[in-house]
Amino acid sequence: MKAKIAVFVSGGGTNLQALIDAQKNGIITSGEIALVISSNAKAYALTRAADNNIPGIVVSRKECGSQEAYEAKLTEVLKENDIDLIVLAGFMSILSGNFTDKYPNRIINVHPSLIPSFCGKGFYGLHVHEAALEYGVKVTGATVHFVNEIPDGGQILLQKAVYIEEGDTPEVLQKRVMEEAEWKILPQATETICAQIIGGR
Ligand code: GAR
């Protein structure tokens, strides 16, 4: 039996799309995307899920009222769906130690820099690339790591470097990091962990 994956999203969902494509192309064979959970009702990622017949639901921190209620709701949905692995793919909501402690080595995240550069609180989405360009680094990239209570602080699983080019804007750099790194290493790491999960059963 395949490992059941829940993908957590908040926005455009290009990383979700990379996971869906990897499942279609046989790069992910040990797991299946069973559910997409969005923190934002307007996320285009939900349309991508629907287009691929993957159930998508919205669980919003705001509507739940507190972090505790939010995480209790997430836990309930994950249990109901027998989820084995949580993949954070452009998920912009913070998860507390209370939540991450329940899923040791069962939550992975993709971050658009080479951790430990440009990561942690405040470094998300385009801001990461703005910071890299402002600092003047010549190489950046993406990281897939396990998620624990420290933002972007869990064990690193995969990294891929991407060169910065003359004239890069944050948007241009973001696109190159996605194409050359994120969309490759996130499906790879997902397959590796799913294979470990089903191998350990
Ligand atoms: C991606 O670059 C992802 O790595 C980043 O946001 C973008 C989401 O794009 N995530 C973070 O910054 C999390 N700290 P997507 O919705 O198209 O996948």
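Scroll up to find the structure this text is about.
In short, a report on the structure. Quantities reported herein were computed from a predicted structural model and do not represent experimental measurements.

### Some thoughts on the site of the ligand
Thinking step 1. Neighbouring residues of the ligand: 14 residues in total, closest G13, T14, N15, G125 and E182.
Thinking step 2. G13 has a polar backbone atom sitting 2.8 Å from an oxygen atom of the ligand.
Thinking step 3. Between the ligand and E182, the relevant distance is 2.5 Å, taken from an oxygen atom to a side-chain nitrogen or oxygen of the residue.
Thinking step 4. Comparing atom positions with the cavity grids shows the ligand to sit within the largest pocket.
Thinking step 5. Going through the elements one at a time, helix 1 (14-24), strand 5 (107-111) and helix 7 (170-199) are the ones with two or more residues in the shell around the ligand.
Thinking step 6. Looking at the shell around the ligand, its residues break down into six nonpolar, seven polar and one charged.

### Observations regarding the packing of helix 6 (residues 126-135) against helix 7
Thinking step 1. Look at helix 6 against helix 7: their axes get within 9 Å of each other, and the N-to-C directions meet at 110°. The angle between the axes of helix 6 and helix 7 places the two elements in the roughly perpendicular class. Here helix 6 and helix 7 pass one another in a crossing that is right-handed. Contact residues: L126, H129, E130 and L133 in helix 6; P170, E171, L173, Q174 and V177 in helix 7.
Thinking step 2. Residues belonging to the contact of helix 6 with helix 7 are distributed by class as follows: five nonpolar, two polar and two charged.

### A few points about the pattern of salt bridges
Thinking step 1. In the structure shown here, the tally under the stated rule is five salt bridges.
Thinking step 2. Residue R201 pairs with D84 through a salt bridge whose shortest N-O separation is 2.8 Å. Residue R201 is located in the segment after helix 7, and its partner D84 is located in the loop between helix 4 (67-80) and strand 4 (85-88); the two are separated by 117 residues in the primary sequence.
Thinking step 3. R201 gets classed as exposed once you look at its relative accessible area, which sits at 53%.

Quick notes on the rules
Residues numbered from 1 in each chain as written. Predicted model: local features only at pLDDT ≥ 70, side-chain atom pairs only at ≥ 80, totals over all residues. Heavy atoms only, no water. Near = heavy atom within 4 Å. Polar contact = N/O pair within 3.5 Å; in protein donor to acceptor, adjacent residues only side chain to side chain. 1 Å grid on protein atoms, 1.4 Å probe; cavity = no way out; pocket = protein on both sides within 12 Å on 5 of 7 lines; lining within 4 Å. Sits in = over half its atoms within 2 Å of the grid points. Helix = DSSP H or I, 4+ residues; strand = E, 2+ residues; numbered from the N terminus. Nonpolar A, V, L, I, M, F, W, Y, C, P; charged D, E, K, R; others polar. Axes fitted to C-alpha atoms, helices over the stretch in contact; angles between N-to-C directions. Parallel < 35°, antiparallel > 145°, perpendicular 65-115°, else oblique. Left-handed = near helix turned anticlockwise from the far one by under 90°. Contact = heavy atoms within 4.5 Å. Salt bridge = Lys/Arg side-chain N within 4 Å of Asp/Glu carboxyl O. Buried < 20%, exposed > 50% of the residue type's maximum accessible area, 1.4 Å probe, protein only.

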